Structures are given as C-alpha cells and as structure tokens.
Amino acid sequence: MEKKFIFRDIQQREAKQAASIEQICFPPNEACSEQNMIERIAAAQELFFVAVDQETGKIAGFLNGIATEECCFRDEFFTDASLHNPEGKNIMLLGLDVLPQYRRQGLGRELVERYLRREGEKCRREVFLTCLKSKVEMYQKFGFKDHGIANSTWGGEEWHEMSYVIELPV
C-alpha cells in the first residue's frame, strides 16, 4: 500500500474533489453535498483521512467523521458541521469512500485500520457508523459490532448502527 498510496489528512483545497468522490460512491439521496463537504472539512479537517494515488496525485479514497461526546448516531451529524467537538472522545464516521477503480484491493480496510489506530493515539474511545445491511459483514471484518437497526433514516434508508471500541495505547 505504501508504494501505491500516500496516506494523510485532507487539505482544504481538496474539498471539491472529496465532494465529487462522494457523489460517485453514494446515491444522490445519501451523498454529502459539496457545500456540506466544504463545511465539514473546514470544521473537522483533522478527521478526514485520505489515500492519494502516487501516480495520479488524486484522492483514491477517504474516511471522514466528526468528534463528539455523544454515543448514538443521529442524522444531523451529516449536515451540521458545528456539532463537531474537537475534544470529543467519540467519532461519528460519516463516510468511507473508495473510487470504483480502487475497490477490492484492500484500500478500504487500510484506510479504516490506519484511521482507527490514529484516533486511538488521540485517546478517542469509540467510533460509530451507520451502514446498509449489505455492508454489515464488511464492517464486522474490520472489527465493528452491529447494534441492529439505527435511529438514523438518512436518505430514506434503513441503516444498521455499528461501533468499534478503540483500545487505548499503552
């Protein structure tokens, strides 16, 4: 992975590229708007983690979230960047985006593993996400626990709420 990708925080100037990737990776009713993406990056840039293709210099995939003290996912996290609390001990993951040409190569797993390790080093406690039933098994392989149907109705879908308890560094 190190030879093909550079892993780093997103840069503010990449907000439109991230929004474009989001539009490719998610249906219109679920995707983050360009404006919300710009606001989210401005508020929580340190919680965006990208994989940049070393050949093209373009983002191949990314994870993003916001920090909070809350421990239940709610739809407002997707649209209200002001809910980000930089000191929050929990992360609400708002998206794992991997462009189609980079899928099934382990990039999603690599992004998740590096993100969880990085946030653990910041003493975060738990990472929450919502996903469609078809993605539950994938996230379970990453170590997330399924808590069943979420309260979230984002995009008019039925979501599963999942969480990952981060082991604090020794």
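Cut-offs used in this document
Residues numbered from 1 in each chain as written. Predicted model: local features only at pLDDT ≥ 70, side-chain atom pairs only at ≥ 80, totals over all residues. Heavy atoms only, no water. Core = buried A, V, L, I, M, F, W, Y, C linked by side-chain atoms within 4.5 Å. Buried < 20%, exposed > 50% of the residue type's maximum accessible area, 1.4 Å probe, protein only. Contact = heavy atoms within 4.5 Å. Helix = DSSP H or I, 4+ residues; strand = E, 2+ residues; numbered from the N terminus. Phe/Tyr/Trp six-rings, centres within 6.5 Å; stacked < 30°, edge-to-face > 60°. Lys NZ or Arg CZ within 6 Å of the ring centre and 35° of its normal. Expected span 1.5 Å × (residues − 1). Pairing = 2+ DSSP bridges. Axes fitted to C-alpha atoms, helices over the stretch in contact; angles between N-to-C directions.

A. Summary view of the nonpolar core. Membership of the largest hydrophobic core comes to 53 residues, with the highest contact counts inside it found for Leu107, Leu111 and Phe144. Look past the residues within four positions of Phe144 in its chain and what remains in contact with it is Leu93, Val112, Leu116, Val127, Leu129, Tyr139, Met162, Ser163 and Tyr164.

B. Layout of the environment of Leu129. By secondary structure assignment, the location of Leu129 is in strand β5 (residues 126-131). The sequence separation of Leu129 and Phe49 amounts to 80 residues, and the corresponding C-alpha distance is 16 Å. Residues within four places of Leu129 in sequence aside, it is in contact with Phe73, Leu93, Tyr139, Phe144, His160, Glu161 and Met162.

C. Representation of the packing of aromatic side chains. For the coordinates displayed, the defined rule picks out ten aromatic pairs. With centroids separated by 6.1 Å and ring planes inclined at 20°, the aromatic side chains of Phe7 and Phe49 adopt a geometry described as stacked. Note that Phe7 is positioned in strand β1 (residues 5-9) and Phe49 in strand β2 (residues 48-53), a separation of 42 residues in sequence. For the ring pair Phe48 and Phe62, a centre distance of 6.2 Å and an interplane angle of 20° mean the geometry is stacked. Of the two residues, Phe48 is situated in strand β2 and Phe62 in strand β3 (residues 59-68); the sequence distance between them amounts to 14 residues. What links up through ring pairs into an aromatic cluster is the set Phe5, Phe7, Phe49 and Tyr102. Note that Arg74 overlies the ring of Phe77, its terminal NZ or CZ placed 5.1 Å from the centroid. Above the face of the Phe7 ring, Arg114 is positioned so that its terminal group lies 4.0 Å from the ring centre.

D. Helix α4 (residues 107-121), seen in detail. The first and last C-alpha atoms of α4 sit 21 Å apart over 15 residues, in line with the 21 Å expected at 1.5 Å per residue. Among all positions of α4, only Leu107, Gly108, Glu110, Leu111, Val112, Arg114, Tyr115, Leu116, Arg118, Glu119 and Gly120 are buried. Two residues or fewer past α4, Cys123 is found with a positive phi of approximately 65°.

E. Seen up close, the sheet that holds β5. Across the sheet, which stays open at both edges, the seven strands sit in the order β1-β2-β3-β4-β5-β7-β6 with mixed pairing between neighbours. Of all the strands in the sheet, just β1 and β6 (145-149) have a single pairing partner and so form its edges. Ignoring strand direction, the axes of neighbouring strands in this sheet form an average angle of 25°. In this structure, β2 lies alongside β3, joined through five bridges in antiparallel fashion. The residue of β3 that forms the bridge with Val52 is Ile59. Its contacts with the sheet put helix α1 (residues 15-25) on β3 and β4 (90-98), and the angle it makes with β3 is roughly 100°. Across the sheet, helix α2 (residues 34-44) is in contact with β2, β3 and β4; its angle to β3 comes to roughly 65°.

Keep in mind that these numbers describe shape and distance, not what the molecule does.
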